[in-house]
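These are the residues of each chain, in order.
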Amino acid sequence: MAQQISESELVLMKIIWKNGGAALYSLIMEELEKTQNEWKNNTVLTLLSRLVEKKFLKVRKIGRRNEYIAVVTEAEYQAMQTHRFLDRVYGGNVKNLVSTLLRQDILSADELKEIEAFWRNENE
């Protein structure tokens with residue numbers, strides 16, 4: 001699953017994930033309208049078909065309606081992107097990433113303690 005998805009495609013994936021991993025085309029359009037997104041039908045259909053080609057979605061026909069089903073969960077996608085970022089920017093070195101997060105005050109000392117406690121509990 002080395003494919004990348006665009007920011008626009010990610011907007012659609014987030015709608016589908018938020019809906020439990022499956023959504024009818026009509027629901028996707030409703031959700032886009034709620035966010036004042038003014039993409040035309042053809043744009044949305046093109047983005048959805050790209051996601052199907054890239055194997056992030058599959059389509060199930062329900063009568064004449066299409067239901068789009070996520071093949072990749074949001075957690076799987078996040079893990080994939082995290083690994084890609086870590087490899088690309090930090091050469092796979094997690095220590096350097098965490099060091100940057102701490103130095104830039106992106107990650108507080110308290111948050112680091114929470115992570116350490118979580119990690120200890122996971123490995124007991």
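Our structure's up above, just so we're on the same page.
Residues numbered from 1 in each chain as written. Predicted model: local features only at pLDDT ≥ 70, side-chain atom pairs only at ≥ 80, totals over all residues. Heavy atoms only, no water.

(A) Inspection of the environment of Ala23 at higher detail. Mapping Ala23 onto the fold places it in strand β1 (residues 22–24). Once the C-alpha coordinates of Ala23 and Leu97 are considered, the two residues, 74 residues apart in sequence, prove to be 36 Å apart. Non-local contacts of Ala23, meaning those with residues more than four positions away in its chain, are made with Ile16, Ile28, Asn66, Glu67 and Tyr68. (Helix = DSSP H or I, 4+ residues; strand = E, 2+ residues; numbered from the N terminus. Contact = heavy atoms within 4.5 Å.)

(B) Region of interest: helix α6 (residues 109–122). Look at α6: 20 Å from first C-alpha to last across 14 residues, which is about the 20 Å you get at 1.5 Å a residue. Little of α6 sits out of view: just zero of its 14 residues are buried. (Expected span 1.5 Å × (residues − 1). Buried < 20%, exposed > 50% of the residue type's maximum accessible area, 1.4 Å probe, protein only.)

(C) Spotlight on the sheet that holds strand β2 (residues 57–62). Spatially, three strands are ordered β1-β3-β2 in an open sheet, and the strand pairing comes out antiparallel. Two strands lie at the open edges of the sheet, namely β1 and β2, each paired on one side alone. Across the sheet, the axes of successive neighbouring strands diverge by a mean angle of 25 degrees, strand direction being ignored. Strand contacts of helix α1 (residues 7–18): β1, β2 and β3 (65–70), with the helix running at about 90 degrees to β3, the strand carrying the most contacts. (Pairing = 2+ DSSP bridges. Axes fitted to C-alpha atoms, helices over the stretch in contact; angles between N-to-C directions.)

(D) The arrangement of the layout of surface pockets in detail. By volume, the largest pocket amounts to about 250 Å³. Thr82, His83, Leu86, Val94, Leu97, Val98, Leu101, Leu107, Leu112 and Ile115 together form the lining of the largest pocket. Those elements giving two or more residues to the lining of the largest pocket turn out to be α4 (74–90), α5 (94–103) and α6. Of the residues forming the lining of the largest pocket, the biggest block, four residues, is contributed by α5. A breakdown of the residues in the lining of the largest pocket according to their chemical character gives eight nonpolar, two polar and no charged. (1 Å grid on protein atoms, 1.4 Å probe; cavity = no way out; pocket = protein on both sides within 12 Å on 5 of 7 lines; lining within 4 Å. Points joined across faces, edges and corners; volume = space filled by probe spheres on them. Nonpolar A, V, L, I, M, F, W, Y, C, P; charged D, E, K, R; others polar.)

(E) Fine view of the packing of helix α2 (residues 25–34) against helix α3 (residues 41–53). At a minimum axis distance of 12 Å, the contact between α2 and α3 shows a crossing angle of 120 degrees. Taken together, α2 and α3 sit at an angle that is classed as oblique. You can see that α2 and α3 cross each other, and the crossing is right-handed. In contact with Tyr25, Ile28, Met29 and Leu32 of α2, α3 contributes Asn41, Val44, Leu45 and Leu48. Looking at the contact of α2 with α3 residue by residue, the class counts come to seven nonpolar, one polar and no charged. (Parallel < 35°, antiparallel > 145°, perpendicular 65-115°, else oblique. Left-handed = near helix turned anticlockwise from the far one by under 90°.)

Functional significance is not addressed by these values, which are geometric in nature.
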